[in-house]
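# Secondary and tertiary structure notes
So the chains spell out like this:
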Amino acid sequence: MAKEKTLRDLFHDTLKDIYFAEKKILGALPKMAKAAQSADLKAAFEKHEGETEEHVSRLEQVFEEIDAKPQGKTCDAILGIIEEGQEVMKEYKGQAALDAGLLAAAQAVEHYEISRYGTLKTWAQELGLEQAVQLLEETLEEEKKTDATLTELAESEVNQHAEAA
Ligand SMILES: [Fe+2]
Ligand SMILES: [Fe+2]
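Heads up: these notes are all about the structure in this document.

Here is what the cut-offs are and how they apply
- Residues numbered from 1 in each chain as written.
- Chains lettered and ligands numbered in written order.
- Predicted model: local features only at pLDDT ≥ 70, side-chain atom pairs only at ≥ 80, totals over all residues.
- Heavy atoms only, no water.
- Donors = N, O, S within 2.8 Å, 3.2 Å for Na, K, Ca; no water.
- Helix = DSSP H or I, 4+ residues; strand = E, 2+ residues; numbered from the N terminus.
- Buried < 20%, exposed > 50% of the residue type's maximum accessible area, 1.4 Å probe, protein only.
- Lys, Arg positive; Asp, Glu negative; His and termini not counted.
- Salt bridge = Lys/Arg side-chain N within 4 Å of Asp/Glu carboxyl O.
- Contact = heavy atoms within 4.5 Å.
- 1 Å grid on protein atoms, 1.4 Å probe; cavity = no way out; pocket = protein on both sides within 12 Å on 5 of 7 lines; lining within 4 Å.
- Points joined across faces, edges and corners; volume = space filled by probe spheres on them.
- Nonpolar A, V, L, I, M, F, W, Y, C, P; charged D, E, K, R; others polar.
- Expected span 1.5 Å × (residues − 1).

Attention now moves to the coordination of the iron ion (ligand 2). Tetrahedral coordination by four donors sets the ideal angle at the metal to 109.5 degrees; octahedral coordination by six donors sets it to 90 or 180 degrees. Looking at the iron ion (ligand 2), one finds its protein donor set to be H48 (NE2), E110 (OE), E110 (OE), E113 (OE) and E143 (OE), positioned 2.0 to 2.6 Å from the metal centre. Donor residues binding the iron ion (ligand 2) come from one chain and are separated in sequence as H-x61-E-x2-E-x29-E. The metal-metal distance between the iron ion (ligand 2) and the iron ion (ligand 1) is 3.4 Å, with E113 coordinating both. With a gap of 30 residues between them, E113 in helix α4 (residues 98–127) and E143 in helix α5 (residues 130–163) connect regions that are remote in the sequence. In this structure, E113 and E143 share a single accessibility class: buried.

A word on the side chain of E113. No salt bridge is formed by the buried E113; its nearest oppositely charged neighbour, R58, is found at 9.6 Å. With residues up to four places along the chain from it excluded, the contact list for E113 reads I18, E22, I25, H48, H55 and E143.

On to the pattern of salt bridges. The final tally for this structure, using the stated rule, is six salt bridges. For R58, the salt bridge is made with E138, and the minimal N-O distance between the two is 3.3 Å. Here the residue R58 occupies a position in helix α2 (residues 39–65), and E138 occupies one in helix α5, the gap between them amounting to 80 residues. Looking at R58, the relative accessible area reads 7%, which means it is buried. On the basis of relative accessibility, which here comes to 36%, the residue E138 falls in the partly exposed class. Its salt-bridge partner being K144, residue E141 comes within 3.9 Å of it at the nearest N-O pair. Residue E141 and its partner K144 are both found in helix α5; the two are separated by three residues, about one turn of the helix.

Here the focus is the coordination of the iron ion (ligand 1). Looking at the iron ion (ligand 1), one finds its protein donor set to be E22 (OE), E22 (OE), H55 (ND1), E113 (OE) and E143 (OE), positioned 2.1 to 2.5 Å from the metal centre. Read N to C, the donor residues that coordinate the iron ion (ligand 1) are spaced as E-x32-H-x57-E-x29-E.

Glycine aside, a negative phi is what most residues show, and trans is what most peptide bonds show. Located in the positive-phi region is D67, a residue other than glycine, with phi close to 55°. In this structure, D67 sits in the loop between α2 and α3 (76–91).

This part takes up empty space enclosed by the protein. This structure, assessed with the given rule, holds one cavity of 30 Å³ or more. Each pocket or cavity is described by its volume, and for the largest cavity that value is around 150 Å³. Lining the largest cavity are 18 residues, with A28, L29, M32, A106 and V109 positioned closest to its centre. Elements represented by at least two residues in the lining of the largest cavity include exactly α1 (7–35), α2, α3, α4 and α5. Grouping the amino acids of the lining of the largest cavity by side-chain chemistry returns 12 nonpolar, four polar and two charged.

Turning next to α4. In this model, α4 (30 residues) spans 44 Å end to end at C-alpha, consistent with the 44 Å of a helix rising 1.5 Å per residue. Directly beyond the C-terminal end of α4, a positive phi value near 70° is found at G128.

Printed below as a string of structure tokens:
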């Protein structure tokens, strides 16, 4: 009979999922920054690229805490979300609504991350992984802050610009 899978296995698998996702996001953010027309949106993407590098390295520390080597596992959700972002870039190139579309795609990424980090943090608490709780919490807060910054940008400039063609 196969070995019983426990919360620890689920934690490890989900860690691989978000590790894969963060690396994909790291590849997508420079393209989004390049495509953005608003200087503020560009700056927000660039800032979050730096934070995302930190997210990858925090995840590597979490792998270390559970004595596992850092390894990704294909995350179809993030591939789909990133692909939708690329579609917007292509279909709205040079258009007034480009930035609003890019911003929405970025928020979908952040919401995916917030969901994963929230779950992982709760599981780490249950599993008594104290350092992991701390590391996952730090990243979760940065994802939430990025999401809030994007909402502010949408409301203060990006959406109006998209309307006024
Ligand atoms: Fe992240
Ligand atoms: Fe993020």
